[in-house]
Amino acid sequence: MKGLKSKIYTLLAIMVAGLREANAQGAIGIDAASSELTSYIDPIGNMILVIGALAGFIGAIRVYIKWNNGEQGVNKEIMGWFGSCIFLVTVGAVLKAFFGV
């Protein structure tokens, strides 16, 4: 019975040592993933701003065409276009602020 207890204690000690090593490797992995993720934030934010610029340009052309044709609902079109541009610019800024870049 005494030999069994010592084997169990030895096994538990080995498991605890293994868990400590796994925890240390996990922390290193999380730090590496965090730094890699923050390296993507600037290009993604810039890409969102470019998409916003393209959407703004296309929306401005659509509003201009509707305005020249005398169509109804130009104000609605302007509000939708302006709102989408504001949203995309805000999303780019929020992403950068959220990830601390």
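This report concerns the structure included in the present document.

Cut-offs and rules
- Residues numbered from 1 in each chain as written.
- Predicted model: local features only at pLDDT ≥ 70, side-chain atom pairs only at ≥ 80, totals over all residues.
- Heavy atoms only, no water.
- Helix = DSSP H or I, 4+ residues; strand = E, 2+ residues; numbered from the N terminus.
- Contact = heavy atoms within 4.5 Å.
- Polar contact = N/O pair within 3.5 Å; in protein donor to acceptor, adjacent residues only side chain to side chain.
- Salt bridge = Lys/Arg side-chain N within 4 Å of Asp/Glu carboxyl O.
- Buried < 20%, exposed > 50% of the residue type's maximum accessible area, 1.4 Å probe, protein only.
- Patch = residues over 30% accessible without salt bridge, like charges linked within 9 Å, V, L, I, M, F, W, Y side chains within 5 Å.
- Areas by Shrake-Rupley, 256 points an atom, 1.4 Å probe, with all protein chains shown as cover.

### Remarks on the environment of Val 74
Consideration 1: Take Val 74: it is sitting in helix α2 (residues 74-98).
Consideration 2: C-alpha separation for the pair Val 74 and Val 63, spaced 11 residues apart in sequence, amounts to 6.5 Å.
Consideration 3: If we ignore the near neighbours within four places in the chain, the residues touching Val 74 are Val 63, Lys 66 and Trp 67.

### Regarding the side chain of Glu 77
Consideration 1: Among the secondary structure elements, Glu 77 is positioned in helix α2.
Consideration 2: Engagement of the side chain of Glu 77 in a polar contact is seen with the side chain of Arg 62, the distance being 3.0 Å.
Consideration 3: Setting aside residues up to four positions removed in sequence, Glu 77 forms contacts with Arg 62, Val 63 and Lys 66.

### Focus: the pattern of salt bridges
Consideration 1: Scanning all chains against the criterion turns up two salt bridges.
Consideration 2: A salt bridge links Lys 66 to Glu 77; the shortest N-O distance between them is 3.3 Å. Here Glu 77 lies in helix α2 and Lys 66 lies in helix α1 (residues 2-69), a separation of 11 residues in the sequence.
Consideration 3: The exposure class of Glu 77 is buried, given its relative accessible area of 17%.

### As for a nonpolar patch on the surface
Consideration 1: Residues Phe 57, Ile 58, Ile 61, Tyr 64 and Ile 65 make up a contiguous nonpolar surface patch of roughly 540 Å² in combined accessible area.
Consideration 2: Along the chain, the position of Ile 61 falls in helix α1.
Consideration 3: On the accessibility criterion, Ile 61 (38% relative accessible area) is partly exposed.

### Overview of the environment of Gly 83
Consideration 1: Structurally, the position occupied by Gly 83 is in helix α2.
Consideration 2: Each C-alpha atom of the pair Gly 83 and Gly 56 lies 9.9 Å from the other, and the pair is 27 residues apart in sequence.

By themselves these figures say nothing about function.
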